[in-house]
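Here is how the chains run, residue by residue.
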Protein chains: 4
Amino acid sequence: MNSFGRLFRVSVYGESHGNSIGVVVDGCPAGLFLSEKDFETDLRRRKSGAKGTTPRIEFDIPHFMSGFFNNTTTGAPINIQFENSNTRSVDYLELRDLPRPGHADFVAMRKFGGFEDYRGSGHFSGRLTLGLVTAGVIAKALLGEINITARLIEAGGMTDIEKAVDKAIEENESIGGIVECRVSNLPVGLGEPFFDSVESLISHIIFAIPAIKAIEFGSGFQAAKMIGSEHNDNIINIDGKTETNHAGGINGGITNGNDIVFRVAVKPTSSTSQPQKTLNFKTEEMEDLVVEGRHDKCIALRVPPVVEGAVAIVLADLMMMEDKIKRIYIQDDE
Amino acid sequence: MNSFGRLFRVSVYGESHGNSIGVVVDGCPAGLFLSEKDFETDLRRRKSGAKGTTPRIEFDIPHFMSGFFNNTTTGAPINIQFENSNTRSVDYLELRDLPRPGHADFVAMRKFGGFEDYRGSGHFSGRLTLGLVTAGVIAKALLGEINITARLIEAGGMTDIEKAVDKAIEENESIGGIVECRVSNLPVGLGEPFFDSVESLISHIIFAIPAIKAIEFGSGFQAAKMIGSEHNDNIINIDGKTETNHAGGINGGITNGNDIVFRVAVKPTSSTSQPQKTLNFKTEEMEDLVVEGRHDKCIALRVPPVVEGAVAIVLADLMMMEDKIKRIYIQDDE
Amino acid sequence: MNSFGRLFRVSVYGESHGNSIGVVVDGCPAGLFLSEKDFETDLRRRKSGAKGTTPRIEFDIPHFMSGFFNNTTTGAPINIQFENSNTRSVDYLELRDLPRPGHADFVAMRKFGGFEDYRGSGHFSGRLTLGLVTAGVIAKALLGEINITARLIEAGGMTDIEKAVDKAIEENESIGGIVECRVSNLPVGLGEPFFDSVESLISHIIFAIPAIKAIEFGSGFQAAKMIGSEHNDNIINIDGKTETNHAGGINGGITNGNDIVFRVAVKPTSSTSQPQKTLNFKTEEMEDLVVEGRHDKCIALRVPPVVEGAVAIVLADLMMMEDKIKRIYIQDDE
Amino acid sequence: MNSFGRLFRVSVYGESHGNSIGVVVDGCPAGLFLSEKDFETDLRRRKSGAKGTTPRIEFDIPHFMSGFFNNTTTGAPINIQFENSNTRSVDYLELRDLPRPGHADFVAMRKFGGFEDYRGSGHFSGRLTLGLVTAGVIAKALLGEINITARLIEAGGMTDIEKAVDKAIEENESIGGIVECRVSNLPVGLGEPFFDSVESLISHIIFAIPAIKAIEFGSGFQAAKMIGSEHNDNIINIDGKTETNHAGGINGGITNGNDIVFRVAVKPTSSTSQPQKTLNFKTEEMEDLVVEGRHDKCIALRVPPVVEGAVAIVLADLMMMEDKIKRIYIQDDE
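Residues numbered from 1 in each chain as written. Chains lettered and ligands numbered in written order. Predicted model: local features only at pLDDT ≥ 70, side-chain atom pairs only at ≥ 80, totals over all residues. Heavy atoms only, no water.

J.: I would appreciate a short explanation of the overall build of chain A in the present structure.
T.: Along its length, chain A carries eight helices and 15 strands. Against the compact-globule benchmark of 20 Å for 334 residues, chain A has a radius of gyration of 21 Å, which places it among compact chains. Along the three orthogonal principal directions, the C-alpha set of chain A runs to about 65 × 55 × 35 Å. Burial statistics for chain A: of 334 residues in total, 69% are counted as buried. Once local pairs closer than 6 in sequence are excluded, the contacts in chain A between residues at least 24 apart make up 73%. (Helix = DSSP H or I, 4+ residues; strand = E, 2+ residues; numbered from the N terminus. Rg over C-alpha atoms; globule rule 2.2 N^0.38 Å. Buried < 20%, exposed > 50% of the residue type's maximum accessible area, 1.4 Å probe, protein only. Contact = heavy atoms within 4.5 Å.)

J.: Where do I start with the packing of aromatic side chains in this structure?
T.: Pairs of aromatic rings are described using the distance from one ring centre to the other and the angle between the two planes. Taken as a whole, this structure holds 34 aromatic pairs over all chains when the rule is applied. With 5.2 Å between their ring centres and 85° between their planes, Phe207 of chain A and Phe217 of chain B make a pair best called edge-to-face. Linking Phe207 of chain A in the loop between helix H6 (198-206) and strand E10 (212-217) with Phe217 of chain B in strand E10 (residues 212-217), this pair reaches from one chain into another. With respect to class, Phe207 of chain A is no different from Phe217 of chain B; both count as buried. Following the ring pairs from residue to residue traces out a cluster consisting of Phe4 of chain A together with Phe194 and Phe195 of chain B. (Phe/Tyr/Trp six-rings, centres within 6.5 Å; stacked < 30°, edge-to-face > 60°.)

J.: What is the right way to look at the interface of chain C and chain D in this model?
T.: Each partner contributes residues to the interface: chain C has 100 residues there, and chain D has 100 residues. Across the chain C to chain D interface the summed buried area is about 7900 Å²; carbon plus sulfur atoms make up 64%. Contact with chain D buries surface across chain C, with Phe194, Phe195 and Lys213 of chain C losing the most and accounting together for 11% of the total. A salt bridge links Glu154 of chain C to Lys225 of chain D, with the nearest nitrogen and oxygen atoms 2.6 Å apart. When grouped by side-chain class, the residues that make up the side of chain C that touches chain D number 47 nonpolar, 35 polar and 18 charged. Direction of pairing for strand E10 (residues 212-217) of chain C relative to strand E10 (residues 212-217) of chain D: antiparallel, over a ladder of three bridges. Looking at the pairing, Glu216 of chain C lines up with Ala214 of chain D of E10 of chain D. (Buried area = accessible area lost by both parts, 1.4 Å probe. Salt bridge = Lys/Arg side-chain N within 4 Å of Asp/Glu carboxyl O. Nonpolar A, V, L, I, M, F, W, Y, C, P; charged D, E, K, R; others polar. Pairing = 2+ DSSP bridges.)

J.: Would you mind going over the relation of the copies chain A and chain C with me for this structure?
T.: The second copy of the chain is related to the first by a rotation about an axis and a shift along the axis. With an RMSD of 0.0 Å, chain A superimposes on chain C once it is rotated by 180° and translated 0.0 Å along the axis. Within this description, the copies of the chain are treated as partners about a two-fold rotation axis. Rotation axis and chain A: the residue whose C-alpha lies nearest the axis is Asp323 of chain A, separated from it by 2.9 Å. A shared binding surface is used by both copies, with 100% of the interface residues of chain A retained as interface residues in chain C. (Least-squares fit on C-alpha atoms with pLDDT ≥ 70 in both.)

J.: Just to check I follow, could you spell out the interface of chain A and chain C for this structure?
T.: Often, the extent of an interface is quoted as the loss of accessible area on bringing the components together. Counting from both sides, the interface comprises 10 residues of chain A and, opposite them, 10 residues of chain C. Approximately 940 Å² of surface area, both sides summed, lies buried where chain A meets chain C, with 40% of it carried by carbon and sulfur atoms. Per-residue buried area on chain A facing chain C is highest for Arg6, Asp323 and Arg327 of chain A; these three make up 55% of the total on that side. The tally of links from chain A across to chain C stands at four salt bridges. Seen at the junction of chain A and chain C, the total is five residue pairs in polar contact (both at pLDDT 80 or more). Partitioned by chemical class, the residues of the side of chain A that touches chain C number four nonpolar, no polar and six charged. (Polar contact = N/O pair within 3.5 Å; in protein donor to acceptor, adjacent residues only side chain to side chain.)

J.: What exactly am I supposed to notice about helix H6 (residues 198-206) of chain C here?
T.: An α-helical segment advances 3.6 residues per turn. Residues three or four places apart therefore align on the same side. Counting buried positions over the nine residues of H6 of chain C gives nine, a clear majority of the element. Restricting attention to buried positions, one finds in H6 of chain C the residues Val198, Glu199, Ser200, Leu201, Ile202, Ser203, His204, Ile205 and Ile206 of chain C.

J.: Looking at this structure, I do not really get the nonpolar core. What am I missing?
T.: Nonpolar side chains tend to gather and get buried jointly when the protein is soluble and globular. Within the largest apolar cluster, 324 residues are counted, with the highest numbers of intra-cluster contacts made by Ile206 of chain A, Ile206 of chain B, Ile206 of chain C together with Ile206 of chain D. Setting aside anything within four residues of it in sequence, one finds Ile206 of chain A in contact with Ile212, Ile215, Phe262, Val264, Val307, Ala310 and Val311 of chain A. (Core = buried A, V, L, I, M, F, W, Y, C linked by side-chain atoms within 4.5 Å.)

J.: So what exactly am I meant to see when it comes to the pairing of strand E3 (residues 20-26) of chain D here?
T.: Within a regular strand, the side chains alternate between the two sheet faces. All names here are of chain D. Most of E3 sits out of view: seven of its seven residues are buried. The side-chain alternation of E3 yields two buried faces, one formed by Ser20, Gly22, Val24 and Asp26 and the other by Ile21, Val23 and Val25. When strand E2 (residues 9-14) meets E3, the two strands line up antiparallel, connected through six bridges. Within the sheet, the bridge partner assigned to Val12 lies in E3 and is Val23. What sits between E2 and E3 in their antiparallel hairpin is a turn of five residues. One ladder, built from six bridges, connects E3 with strand E7 (residues 78-83); its direction is antiparallel. Opposite Val24, over in E7, you have Asn79 as the bridge partner.

J.: Help me understand unusual backbone geometry, please; the structure alone is not making it clear to me.
T.: Peptide bonds are mostly trans, and most non-glycine residues show a negative phi. In this structure, Asn70 of chain C is a non-glycine residue whose phi angle is positive, near 50°. The residue Asn70 of chain C is located in the loop between strand E5 (68-69) and strand E6 (72-73) in this model. Since its relative accessible area comes to 60%, Asn70 of chain C is described here as exposed. The backbone of Asn185 of chain D shows a phi angle near 70°, a positive value even though the residue is not glycine. Within the secondary structure, Asn185 of chain D sits in the loop between strand E9 (177-184) and helix H6 (198-206).

J.: Could you clarify how one ought to interpret the pattern of salt bridges in this entry?
T.: Opposite charge on two side chains permits pairing when their charged atoms draw close. Under the counting rule described, the total for this entry stands at 100 salt bridges over all chains. Across the salt bridge formed by Asp166 of chain A and Lys51 of chain A, the nearest N and O atoms sit 2.9 Å from each other. Here Asp166 of chain A, found in helix H5 (residues 161-171), pairs with Lys51 of chain A, found in the loop between helix H1 (36-46) and strand E4 (63-66); they are 115 residues apart in sequence, far enough to count as distant. One salt bridge in this structure joins Glu171 of chain D and Lys167 of chain D, with 3.5 Å as the shortest N-O distance. Taken together, the residues Glu171 of chain D and Lys167 of chain D, both in helix H5 (residues 161-171) and four residues apart, mark about one turn of the helix. Among the residues examined, Lys167 of chain D registers a relative accessible area of 42% and is labelled partly exposed. Ionic contacts of the salt-bridge type, sharing partners, join the residues Asp42, Arg45, Lys140 and Glu308 of chain A into one network.

Listed below in structure tokens is the structure:
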């Protein structure tokens, strides 16, 4: 349930305020050299601390617990673990009777009978996305020339992101945003017929990221308003290059060699400093709730490296399915 | 690859112009009574023949090949098969060097080395969705009081669907549309943490349906423009009923007891009667192509029962995961 | 549940006296040429009719329902179906209250609430092994030079199999046997660490064959009586060739390049013409039961091609895992 | 690949001389109380130190890294980790050109291109079985009244185990053994038709245990020499109790309510203090090899708790499949 992938298989574990959170990657080819340093950029991009993000700062140092020998993957399962040091669980204790609107508090309590670790959203925390970013770094290394870039193209309904964040801080409100991802240098033929279409696999993993509520490939919702001869992308060379890219690089669920392009909608952070109405499950009466704790004004700011990691995981798996990534990693310069 | 689900597991097989197409359902509880008649309504809704749909008419009679005894499921794998009778493969033979824009012709040729059954899009054909509808009928029966309704809410950019279809016919063009699906009477707690969120599973299977290019849950893309206190749904009773439903019935990937609501974008049918430019892979020159054959002007018209079936499959699986559907089916009136 | 394999995935369906039985193979590479004739030898070896086997004769003609085009695999799911023509279900109707000793009657009734198709053991019938043999023929074709040979080396405790069968017929009793399987020309390195060891995967599928009750690799049970320096196989060349083969070609769960050797025990056919005692579940009293119907005196006679097929399925999957079988099949002579 | 199970899913990671080894259990019901103390007995039984076992002593203290809150399972993935403290890797460094007979050295080098962690057999080490024992403790707790007992019934060909061990020490040789496992208080109906028979699942996981080379259920190999009326177990009451238990508690792959009984053969420890011949892969000449390091004279002594854990994992999974273990654990006394 907490695993994804067929050959390059990623599993996450951990809770926001527990001992640790981490990720296990099973099926990674042997022979891939990676040092702690290789994880730095993407982990830093996901990290909080910038304007609009939560003041909870974790060091996020990846500990290689297994699957590496001399900084090289061995072919055995990789376990990379992160400590949770900067926890202030006391914030959450009093919320047990007051499920926060927009959060998983209520559904978690019902699904797990009250046994869930509720501190800081526990296993439902966005902190779990560390696993996606970490596995994504490994996947990106395997993908070689394939380039994945995600960026925030809209926040709070505005394209000037900085202005949007300033406004949110000023109004003491949380805002959402739209992240666009583009993948280039792809081979033709990734993806499997029917259930394991590229769109199916990407959307599956993308919706594992907390706060994502929508995804569209290529022209997406706009496609519904187009006519066929307008939407169809004319093929103009024998590698499958098309004149336009309304399909977002995917036909019949299979990559067509053009860039994969998709956009996702990130809802506003559920934790907002504004008072909200919610039910007190003990008194069964409505109550004003102000969610304390340290929160992101615009969680969407931190989503791009997570989206990139998620897509890299899907593509590494599909590349292995097609024998384009071997079980023993071959360095580029060989 | 052509299978989906953990406990209620659906596999599809077949090609548009091959011997047969069908679906295998493994893990369906024993004891569910179903006659051929129970499949009629949804199969008819998916069928062509109405204005705006292809003139290729298949009888679409479900043949129960295994898993039924005295019209009752046995607990063994169910194989339901459909014959392909009304095939005119000759239409497709000459297209081998001219991959149709928007279709899977090019990617299929590259992925399967030219060995694919190319007639009528072969295994990539929308005809394969018969399997989703068929398995969906079984799933719906298991779901009892849970109600799933999908309908076309927009076609060709218009909300008056009939007018949109008339216009498409008049202009001899294909159009897309938007299908909205609503699921009511759901228990709290369906869905698994992280990778198997309800959104992940629904989007995974939805993108198996040819021509779908986008999906949004609840407020979807609109959520990206909202602020937190506006998007959050206030809980107003102890069953988790919320005042609004911006979340589309799902928090943290888990059903919250409110209606699941999502919308999907259907691109315009790739086959259009308008001339298009494409590459002749033999001559390596651009050529005018008019796609002959019998096609849907608005494939979106036939999508609602497919979406319903797909969602029913996901929910039946999740209900079994939660022990809410037993391995021996219990009739309502018992 | 009725599926096996990761990349070369085999699913079975059907019942002994239902409409059909068959097998779906998902993930088979495209481009493999196979005619009905290629299935003949193994299907005939599995067939009844010889001395010691049941007089129920089925034609066992494979119908290619999907996944083939011009007698060549397309990369789409292959469905091969067999008709059940020669059924005499009346034999089984009166047994509902008298579960036959050694059969699955009792457990099936309890597991499936009486909804199971009980005729001729239904889905539990040995007839389902047709699927293993059929998928095995495809797998063997993919395996090329890898040679799999299973043979009955003992029946009724005797190595002279013919004599054993004569004795069983004379005494009107059923007998068991031991089948030995040997696989040669294997590459080093098949199998996955820990849970997916070669022994794990082979034994998993082998125990799907009805009537198998034991398996041993290499020296097997005899190994438990040996000392280390005696059991260890000395490596004598750089391809890993060993002096002896006590390990049965597998170290640490991975093929070592020497022949895989294993033996399985087949219990005597549960249906015997001798009167047996069993409980009448209606009267709750013990009763004499003589199992009518047409049965094998020595089902072990028909097991070798099934064992071969089962092993071929495992190996084809592992060869695909190691990129040694490509997704587009390459003919030997190319 | 390093995972097993459908609903109660167990994954192992780690290497003998790496940072840590551990186990992730995904899908464990919420609400199960377990303290470190509950793991003590089985971990101690598996531990070395007794006569005939290796002098390498690890503390084997389970660290709960995730999935527990107030010593109770939360429903989120459980990660239990063990440190490797007592490592003497220097012993193994010089063996790189001299693959030890009977070990996975050669196959690992070929499969993973020399990138594997070779110290102390790395990921192939018997130390990985800690994960099975640990997950097994959790599984046993879930199984409640179901009782699993494995014991060594033969070592070095003798039933007096102590004498066998003394002899092995005296002769400075390693020996094998036979472990018998019995499971009582089982419900009827566990196991799935065809591929997921109880024998299939048990043998699959049992062969993940290093050094196991054979398994037999009930009468096992002896069954091959019996006649039908002798082997068949007469049913004597309506709960399915049988007079004899030649079937080992399983018919048609499904539990019949009688005890599951099986035996496994453990080969002699591959590391023996006797000099052996092996190929030097550098010089390509045969060489005498004496395997230094600390080893078990009779690894079979430590196998019983591992077998129990492995079987408990299978049964917990099957019990969840049958809704007999709920997703929220219900304490016995409630």
